Structures are given as structure tokens and as C-alpha cells.
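Spelled out, the chains give:
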Amino acid sequence: MSELTLPQSEFLWLQRMMADVAGISLADSKKAMVCGRLSSRVQRLRFDGFHEYCKHLEKDSVERQVAVDLLTTNETYFFREPKHFDFLRTHVLAELKASRRHVGMDPLRLWSAASSSGEEAYSLAMTCAEVLGPSSSWEVLGSDISTRILERARQGLYDMTRIDGIPVNYLKAYCLKGIGPQSGRILMDRSLKKKVHFHQVNLNVTLPDIGRFDVIFMRNVMIYFEQPTKSQVLQRVVGRLRAGGWLFMGHSESLNGIAHGLEQYAPSVYRKPENAYGD
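Residues numbered from 1 in each chain as written. Predicted model: local features only at pLDDT ≥ 70, side-chain atom pairs only at ≥ 80, totals over all residues. Heavy atoms only, no water.

Here the focus is the overall build of the protein. Across its full length, the protein holds ten helices and ten strands. Counting only C-alpha atoms and orienting by the principal axes, one finds that the protein spans roughly 65 × 55 × 30 Å. Taken over 279 residues, the protein has a buried fraction of 51%. Here the contacts in the protein between residues at least 6 apart in sequence split such that 75% fall between residues at least 24 apart. Accessible surface computed for the protein: about 14,000 Å², of which carbon and sulfur atoms make up 51%. Measuring between centres, the 36 positive side-chain charges of the protein sit 4 Å from its 31 negative side-chain charges. (Helix = DSSP H or I, 4+ residues; strand = E, 2+ residues; numbered from the N terminus. Buried < 20%, exposed > 50% of the residue type's maximum accessible area, 1.4 Å probe, protein only. Contact = heavy atoms within 4.5 Å. Areas by Shrake-Rupley, 256 points an atom, 1.4 Å probe, with all protein chains shown as cover. Lys, Arg positive; Asp, Glu negative; His and termini not counted. Charge placed at Lys NZ, Arg CZ, Asp CG, Glu CD.)

Written out as C-alpha cells, the structure is:
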């Protein structure tokens, strides 16, 4: 295949498309990345170049989703930012466990709001299983805008090179070592996978009916949004928190200048007041 070039006019169109569809701001410095990730797709569909491909994207919503999938950054790993999981285990889950010992309460619900290939969602699940017990009443939702990456997450199958962050006792309890054709990989245990569900969610539009949550991890997401989009996304997500619920942001992110009504308990850890309006 011949190497394609991405004209500036088509790059500007793709920047607008990603902002409109996903709320993601593609910096001008990302032009080479965009060209690299989309070139093979353009050629596979037998378009002469990016001009024809962008014209096709204007009228084909399915292909727009494919383009969004290809341009979405999906860098993640197990137990990323470990201090968050320490706080979750020793403060949040211990308190939630104590407050829900009586019969009749809804299950504890946790949401990994940008779960990518699933490492964060399964990290949450392993932590819950360890603190609350694998058969107790809790569940994890993992969501992402990319349908392609969510298919990988549902498999729960990972290369051994990606498991460095998983504590040894968690590896033994919740991960199966691959043999034969799956040698060099691990598979999340079936009992853990039953507790984790994955759905496509676009944080840039009205959220689907996914219910409400005690804990939401929305880390390393806001850095891709412009300020107005950050405010809108945060409002939607906070609206899904139960009163007293916890929101975890990335350590490099800040809510400065954004109205949110949350109380900060630790760096990048926020809580919705127990008496929050509407709860």
C-alpha cells in the first residue's frame, strides 16, 4: 500500500468530528497520529484518500464510530495510581460494607467510566472481592466510547506482560494462567467476570439509563476535553452518584473552575454530600 498524506483541511474536519462526537480535543500535534491510525482503514475501504473518506464519514454513522474507535487513546493498566485503590479499600469499601450489613439494600455499584480494555474495571472488581467477598452484593460497570476496545474488555484476557500491577494474592485468587494456545496470558476468573459488565457510554451526550453508583472512577478523561465540555461531562457523571458516593479523578486532573458540589477528601478524591439535593 502507498503511504497516504492527510491534508490540513481533512485534519481540521476530523478534529471537529472528534469534538462533536466524543468531546475530545485533538491537538494540532496529533496530525501524524491521526494519519497513521486511519490510513490503513482508508485504503481498506478503497477510498482514493482522506477527502473521500471524510465525505463518507459525514453520512455513515457506523463508520464514524469505527473512526472514533481508532482515534481514541486506550492506554491503561491494572491498579493504575495505586493510592486510589488503597483509599478505596481502606476507607470507601470498609465504610460501605459497614453501612449495608442489613438486609434489603441495593447492591454496591461501582463505575469505571473510561474502562478502555477493562484493566481498571477488573482492578475494582478484585478489590471488592477481597474486601466484601466475591459472592456478596456488589457489581462493576465498565464503559467506554470505543466498541472495539470494549470487546477486548469483555474477554478478560491479558498478556502476562501487562499484569505487573496486580498484587500476588489477587493473581492467585482471581486470575487463571493460560496454558497451551493461551500460554503467556491470564484470564480473569469466571466468578469475577460475572460481577463486571461492559457497555458503550459516550460521556459527551446525555447518559443512558445505567442507574446510580456508590463509586465512580473517571480518571484521565477530563484532560482530553475543553473547559465547557469538562463542566458538562462532570455534571452528568456527578448526577449518577448516590448521596455520599465517591468520585475518583486522575492525579493530573483538576476540577478548579468547575462547579460540582462535591467535597474533596484526598488528592483527586471527592465525595457527594449525604444531603445532596435530589438524593
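Attention now goes to the UniProt feature "binding site: S-adenosyl-L-methionine" (unreviewed entry) in the protein. Taken from the UniProt record, the annotation "binding site: S-adenosyl-L-methionine" (unreviewed entry) applies to Asn 74, Thr 76, Arg 80, Glu 120, Asp 144, Asn 202, Leu 203, Arg 219 and Asn 220. By secondary structure assignment, the location of Asn 202 is in the loop between β6 (196-200) and β7 (213-218). Residues in contact with Asn 202, not counting those within four places in the same chain, are Val 21, Ala 22, Ile 145 and Leu 207. Reaching out from Asn 202, the side chain makes a polar contact with the backbone nitrogen of Asn 204 at a distance of 2.9 Å. Checked against the element boundaries, Arg 219 lands in the loop between β7 and α10 (227-238). Not counting the four nearest positions on each side in its chain, Arg 219 is found in contact with Arg 80, Glu 81, His 84, Phe 85, Glu 120, Phe 248, Met 249, Gly 250 and Glu 253. At 3.0 Å, the side chain of Arg 219 and the side chain of His 84 are in polar contact. (UniProt positions renumbered as here; feature names shortened; annotations may be inferred. Polar contact = N/O pair within 3.5 Å; in protein donor to acceptor, adjacent residues only side chain to side chain.)

Right, let's talk about the sheet that holds strand β8 (residues 241-249) for a bit. Ordered in space as β6-β2-β1-β7-β8-β10-β9, the seven strands form an open sheet in which the pairing is mixed. One side of each edge strand has no neighbouring strand; the edge strands of this open sheet are β6 and β9 (263-266). Geometrically, the sheet is characterised by an average inter-axis angle of 20° between neighbouring strands, direction not taken into account. Across three bridges, β8 lies against strand β10 (residues 269-271) in antiparallel orientation. The residue bridging Trp 246 from the neighbouring strand is Arg 271, located in β10. Helix α6 (residues 119-132) contacts β1 (108-112), β2 (138-144), β6 and β7 of the sheet and is inclined by roughly 170° relative to β2. Against the sheet, α10 engages β1, β7 and β8, with an angle of about 135° to β8. (Pairing = 2+ DSSP bridges. Axes fitted to C-alpha atoms, helices over the stretch in contact; angles between N-to-C directions.)

Interface size is commonly expressed as the accessible area that is lost once the parts come together. We note that the domain assignment places domain 1 (8-71) and domain 2 (82-272) within the protein. One C-alpha centre belongs to domain 1, the other to domain 2, and the line joining them spans 29 Å. Tallying the contact residues gives eleven residues for domain 1 and eleven residues for domain 2. Of the roughly 830 Å² buried between domain 1 and domain 2 on both sides combined, carbon and sulfur atoms contribute 44%. (Domains from an automatic or database assignment. Buried area = accessible area lost by both parts, 1.4 Å probe.)

Okay, the sheet that holds strand β5 (residues 185-188) next. The sheet built from three strands is open, its strands ordered β3-β5-β4 with antiparallel pairing. Both outer strands of the open sheet, β3 (157-159) and β4 (175-177), are each paired with one neighbouring strand and no more. Pairs of neighbouring strands in the sheet enclose a mean axial angle of 30°, with direction left out of account. Across three bridges, the pairing between β4 and β5 is antiparallel. Looking at β5, one finds that Lys 177 is bridged to Ile 186.

A few words now on a positive patch on the surface. Taken together, the side chains of Lys 30, Arg 37, Arg 148 and Arg 152 present a region of like positive charge at the surface. As for its position among the elements, Arg 152 is in helix α7 (residues 147-155). (Patch = residues over 30% accessible without salt bridge, like charges linked within 9 Å, V, L, I, M, F, W, Y side chains within 5 Å. Salt bridge = Lys/Arg side-chain N within 4 Å of Asp/Glu carboxyl O.)

Let's shift gears to α10. Helix length check: α10 (twelve residues) gives 16 Å between terminal C-alpha atoms against 16 Å at 1.5 Å per residue, within 8%. All of the buried residues in α10 are Thr 229, Lys 230, Val 233, Leu 234, Val 237 and Val 238. Across the axial projection of α10, the buried residues extend over an arc of 155°, all falling on one side. For α10, the exposed residues set more than 90 degrees away from the buried face come down to Pro 228 and Gln 235. (Expected span 1.5 Å × (residues − 1). Arc of directions from axis to C-beta.)

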